[in-house]
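Breakdown of the fold
Below, each chain spelled out in residue letters.
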Amino acid sequence: MNYKLNNIPNRTVKPREKGLTMVMDKGLSLRQVEDFIEVAGSHTDIVKLGWTTSFVTPNLKEKLKLYRDNNIPVYFGGTLFEAFVIRNQFDDYRKVLDEYDMKYVEVSDGSIEINHDEKCEYISKLSSQVTVISEVGSKDEKKIFAPYKWIKLMKAEIEAGSWKVIAEAREGGNVGIYRDSGEVRQGLVDEILTQIPEETIIWEAPQKAQQVWFIELIGSNVNLGNIAPAEVIPLETIRLGLRGDTFNHFLNMK
Amino acid sequence: MNYKLNNIPNRTVKPREKGLTMVMDKGLSLRQVEDFIEVAGSHTDIVKLGWTTSFVTPNLKEKLKLYRDNNIPVYFGGTLFEAFVIRNQFDDYRKVLDEYDMKYVEVSDGSIEINHDEKCEYISKLSSQVTVISEVGSKDEKKIFAPYKWIKLMKAEIEAGSWKVIAEAREGGNVGIYRDSGEVRQGLVDEILTQIPEETIIWEAPQKAQQVWFIELIGSNVNLGNIAPAEVIPLETIRLGLRGDTFNHFLNMK
Amino acid sequence: MNYKLNNIPNRTVKPREKGLTMVMDKGLSLRQVEDFIEVAGSHTDIVKLGWTTSFVTPNLKEKLKLYRDNNIPVYFGGTLFEAFVIRNQFDDYRKVLDEYDMKYVEVSDGSIEINHDEKCEYISKLSSQVTVISEVGSKDEKKIFAPYKWIKLMKAEIEAGSWKVIAEAREGGNVGIYRDSGEVRQGLVDEILTQIPEETIIWEAPQKAQQVWFIELIGSNVNLGNIAPAEVIPLETIRLGLRGDTFNHFLNMK
C-alpha cells in the first residue's frame with residue numbers, strides 16, 4: 001500500500017483459499033494483459049477466459065504464458081466444456097486441456113441439459129487431470145431452482161471433486177442468484193450458506209451493488225467472480241471499506 | 001481457431017459482402033488500435049470513426065494508416081458529413097476526403113433535416129469519388145417513420161449509389177430500429193426484409209440482446225454495426241453459436 | 001483540429017478557469033495513462049485518482065509524474081481525505097500530500113458525518129498548503145438537502161478557501177444533484193446558479209445525458225467532472241455542437 005491507514009480490515013494474501021477475486025478476460029490483447037497485471041495482478045487470484053472466447057482469440061499460448069509467468073492461474077469458461085460435450089468431443093477437450101497445459105477447468109451446464117450424475121462424473125474424471133471448478137445455475141433466466149436444489153447440486157459437485165463451486169450470474173449479473181434486475185435473491189443465498197461452507201463458493205458478482213451486498217454479508221474475504229479487469233481495483237477498495245459503499249459498514253464494526 | 005470444434009456454423013471470410021462486423025472507434029489511441037487489431041482485426045470488416053470524433057482526436061493520419069495497413073477500411077461517421085453540409089461546406093468535405101485518402105464515406109441525415117432527393121444527390125455525387133454507405137433513421141427518438149417509408153428511403157439510396165444502407169441505432173442502441181428501451185421494432189425489421197436484400201443492410205446493434213436477435217433472425221452472417229472494439233470477440237462467439245445466447249439456437253438447427 | 005469547420009462554439013483553452021473537464025482515473029496502468037494523454041490530454045484539465053484507489057494501485061509516483069510531465073494536475077479523491085479524518089490521521093494525510101508533492105486536494109464529506117464548521121476549517125488549513133477543491137453532497141442517496149442548504153454550504157466552503165466546489169454525483173451519476181435514475185434535479189441546479197458563480201462549480205456528470213443537459217443550460221464552457229477517460233473525446237464533441245445531442249442546439253443559437 002502506498003501509505004499507512006489504520007484499522008483496515010484484514011485481507012488474506014495470495015495464494016489464498018478465501019477472499020478470491022476471479023476476473024473475466026473476454027478478449028484482452030497481450031499488452032492489455034500486461035497492463036492489467038501491472039495494476040491488478042496482486043489482487044487477482046484466478047482468471048477465466050470468458051465462455052468460448054479462447055476459441056476465436058489469437059495468441060492464446062502467449063496469453064496463457066503471460067498470466068502464468070505472473071502467478072495467476074487461468075482457465076477456460078464452462079461454456080467451452082459444454083460446447084465440446086454437446087458435440088460428443090469430451091475426449092478432445094481433455095486433449096485441448098493437455099495441449100494448453102491447463103491446471104484448472106470449469107464444468108458447467110448453463111447452456112446444455114445434462115443429467116446431474118453425468119455432470120458429476122465429468123467432474124470426477126477431470127479432477128484426476130486438473131483442478132475442477134464447477135458452476136451451478138442456468139444461463140436461462142427462466143430456469144429457476146429452489147434453494148434446496150442449489151444446495152443438493154453444490155454438495156454433490158463438491159463430493160465429486162470440485163475445488164470450488166461457482167454460483168452463476170453471467171457477465172451481466174442478471175440470472176442465477178440474481179433477478180433480471182440484478183437484485184440478489186437474498187433468501188436463496190442465505191439458505192445456501194446454511195449448508196455449504198462459504199469459502200467453497202465463488203459468487204459471480206459483476207455489478208458493484210452485488211459485490212457490496214456480498215462483502216457486507218460475508219466480509220472482506222468473500223470469493224467473488226466475473227469481475228471485469230478494470231473493476232479489480234475498485235473491488236479491492238470496497239473489500240477494504242475504503243469506498244463510499246462499505247465505508248461505514250466496516251467503521252461501524254469496530 | 002485454436003482447436004477443433006465440429007459443427008460450427010459457416011462464416012464468410014474477409015473481404016466479405018455479408019456477415020460484416022462494423023466497429024465504432026470513438027477515440028482510440030494508436031497503441032489501442034494496435035491492441036484491437038491484434039485481437040479482433042481478423043473479425044472486423046470496417047471501422048467507423050464515430051460521428052465527428054475525427055475532428056478532435058490527434059494522430060488522425062497515423063490512425064488511418066494503421067487500420068489500412070491491416071486491411072481494415074475506415075470511414076468518418078455520418079454526423080461529420082452533416083456538420084459540413086449544414087455549414088454549406090460540402091465541397092470542403094470532398095477535399096477533406098481527398099486529403100485523408102478516404103475510400104468510404106457515410107451519408108446520413110440523423111441530425112439535420114434534408115430533402116430526400118437532395119440526400120440522394122449527395123450519395124450520387126460522392127459515389128463517383130468513394131464508396132458510399134448511407135444511413136436511414138433519425139437520431140431523435142421522437143422521429144419515427146412507418147415501415148413503408150424506411151423501405152422507400154433505402155431503395156432510393158441504393159439506387160442513388162449506396163453500397164450498403166445502415167439502419168440507425170446510435171452508439172446507445174435506443175433509436176431508429178429500436179425502442180427507447182433498446183428493444184427491436186420487430187415488425188419494422190420484418191417488413192424491411194421483405195423488400196430490401198438483407199446483405200445490403202448494416203444493422204446497428206451495439207447491445208448484446210440486439211446482436212442475438214438479428215443473428216437468430218438472419219443467421220451468423222448478418223451485417224452488424226456500431227460494435228464496440230472490446231465486443232468484437234464476444235460477437236464472433238455469438239455468430240458461431242458458442243455463447244449461451246445462441247448456443248441452443250444453432251444446435252437446434254442441425 | 002484536423003480540418004476546418006465554420007461556426008464552431010468558442011472553447012476556452014488550457015490552462016482554463018472555466019470549461020474544465022475533470023477526469024476520473026480509477027486504476028489506469030502507466031501505459032494506459034500514456035494512451036489517454038495521447039488522445040485526450042489536450043482536452044483534460046485535471047485528473048482525480050478516484051476515491052481511495054491510490055491506496056491500492058502500484059506505481060503511484062510514476063503515474064503522478066506522467067500526468068504532471070504532461071501538464072495535467074492530479075489529485076486524490078475526497079474519500080481518501082475522509083478515510084484519514086475518520087481515523088484521526090489528518091496530520092498523516094498532510095504528510096502524504098507532501099510526500100507525493102500534491103498541489104491539489106479534495107475535501108469532502110460524502111461518506112462521513114462532519115460538522116460543517118469543522119469541514120471549513122480543514123479547507124482553510126489545507127488551502128495554506130495546496131489548492132483545495134471541496135465537494136458538496138452525500139454519497140447516500142437518501143440524504144437530500146434543500147437547495148438553500150447546498151447554496152449555504154458552497155458559499156461557506158468558497159469563503160474558507162476552496163478554489164472550486166464540486167457538486168456530488170459519484171462515478172455512477174445517481175446521487176447528489178441527480179435522482180436515482182440519473183435525471184438532473186433541475187430546480188436544485190437552477191437555484192444554485194442564482195447564488196454561486198457557475199465557473200466556481202464543477203458538476204459531476206458521468207452520464208452523457210447529464211453532460212448534454214449542463215452544456216445546453218450553461219454552454220460549451222461548463223465545468224464537468226467524473227468523466228471516464230474514454231469519454232473525454234465524446235464530451236468534447238458535445239461541447240462543440242458536433243454530436244447529435246447538441247448539434248441543433250448550437251446551430252439554433254446562431
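These numbers were taken from a predicted model, which means no experiment stands behind them.

Further remarks concern the overall build of chain A. Looking only at helices and strands, chain A has eleven helices and eight strands in total. The globule rule puts the C-alpha radius of gyration for 254 residues at 18 Å, and the 18 Å found for chain A is close to it. Residues classed as buried in chain A amount to 61% of the 254 residues present. Counting contacts in chain A only where the partners sit at least 6 residues apart, residues at least 24 apart contribute 72% of the total. For chain A, the computed accessible surface area is about 9600 Å², with 47% contributed by carbon and sulfur atoms. Distance between charge centroids for chain A: 2 Å, based on 32 positive and 38 negative side chains.

What follows concerns the environment of L126(B). Residues and elements named next belong to chain B. With respect to the element layout, L126 can be found in helix α6 (residues 116-127). In this structure, the C-alpha to C-alpha distance between L126 and G161, residues 35 residues apart in sequence, is 8.6 Å. In this view, L126 contacts F81, F90, R94, L97, V105, V107 and V132; residues no more than four positions away in its chain are not counted.

Right, let's get into the packing of helix α9 (residues 208-218) of chain A against helix α10 (residues 232-239) of chain A. Residues and elements named next belong to chain A. Viewed as axis vectors pointing N to C, α9 and α10 meet at an angle of 30°, and their least axial separation amounts to 10 Å. For the element pair α9 / α10, the angle class is roughly parallel. The interaxial crossing formed by α9 with α10 has right-handed handedness. Residues K208, Q211, V212 and I215 of α9 lie in contact with α10, whose contacting residues are L235, I238 and R239. A breakdown of the residues in the contact of α9 with α10 according to their chemical character gives four nonpolar, one polar and two charged.

To continue, consider the relation of the copies chain B and chain A. Overlaying chain B with chain A gives an RMSD of 0.0 Å, the required rotation being 120° about an axis along which the chain moves by 0.0 Å. Expressed as a symmetry operation, the mapping of one chain copy onto the other fits a three-fold axis. Little of the interface of chain B is mirrored in chain A, where only 3% of its interface residues are also at the interface.

Contact with chain C, which involves 29 residues of that partner, is made by 32 residues of chain B. Summed over both partners, the interface of chain C with chain B comes to about 2800 Å²; 56% of that surface belongs to carbon and sulfur atoms. When the area that chain C buries against chain B is broken down by residue, the three leading residues are N2(C), Y3(C) and F247(C), summing to 25%. Linking chain C with chain B are five salt bridges, by the criterion used here. We note a salt bridge from R170(B) to D245(C), for which the minimum N-O separation is 2.8 Å. Between the two partners, chain C and chain B, sit 23 residue pairs in polar contact (both at pLDDT 80 or more). Of all the elements in the fold, those that place two or more residues in the side of chain C that touches chain B are α1 (30-40), α10 (232-239) and α11 (244-253) of chain C. Grouping the constituent residues of the side of chain C that touches chain B by class yields twelve nonpolar, seven polar and ten charged.

About the criteria used
- Residues numbered from 1 in each chain as written.
- Chains lettered and ligands numbered in written order.
- Predicted model: local features only at pLDDT ≥ 70, side-chain atom pairs only at ≥ 80, totals over all residues.
- Heavy atoms only, no water.
- Helix = DSSP H or I, 4+ residues; strand = E, 2+ residues; numbered from the N terminus.
- Rg over C-alpha atoms; globule rule 2.2 N^0.38 Å.
- Buried < 20%, exposed > 50% of the residue type's maximum accessible area, 1.4 Å probe, protein only.
- Contact = heavy atoms within 4.5 Å.
- Areas by Shrake-Rupley, 256 points an atom, 1.4 Å probe, with all protein chains shown as cover.
- Lys, Arg positive; Asp, Glu negative; His and termini not counted.
- Charge placed at Lys NZ, Arg CZ, Asp CG, Glu CD.
- Axes fitted to C-alpha atoms, helices over the stretch in contact; angles between N-to-C directions.
- Parallel < 35°, antiparallel > 145°, perpendicular 65-115°, else oblique.
- Left-handed = near helix turned anticlockwise from the far one by under 90°.
- Nonpolar A, V, L, I, M, F, W, Y, C, P; charged D, E, K, R; others polar.
- Least-squares fit on C-alpha atoms with pLDDT ≥ 70 in both.
- Buried area = accessible area lost by both parts, 1.4 Å probe.
- Salt bridge = Lys/Arg side-chain N within 4 Å of Asp/Glu carboxyl O.
- Polar contact = N/O pair within 3.5 Å; in protein donor to acceptor, adjacent residues only side chain to side chain.

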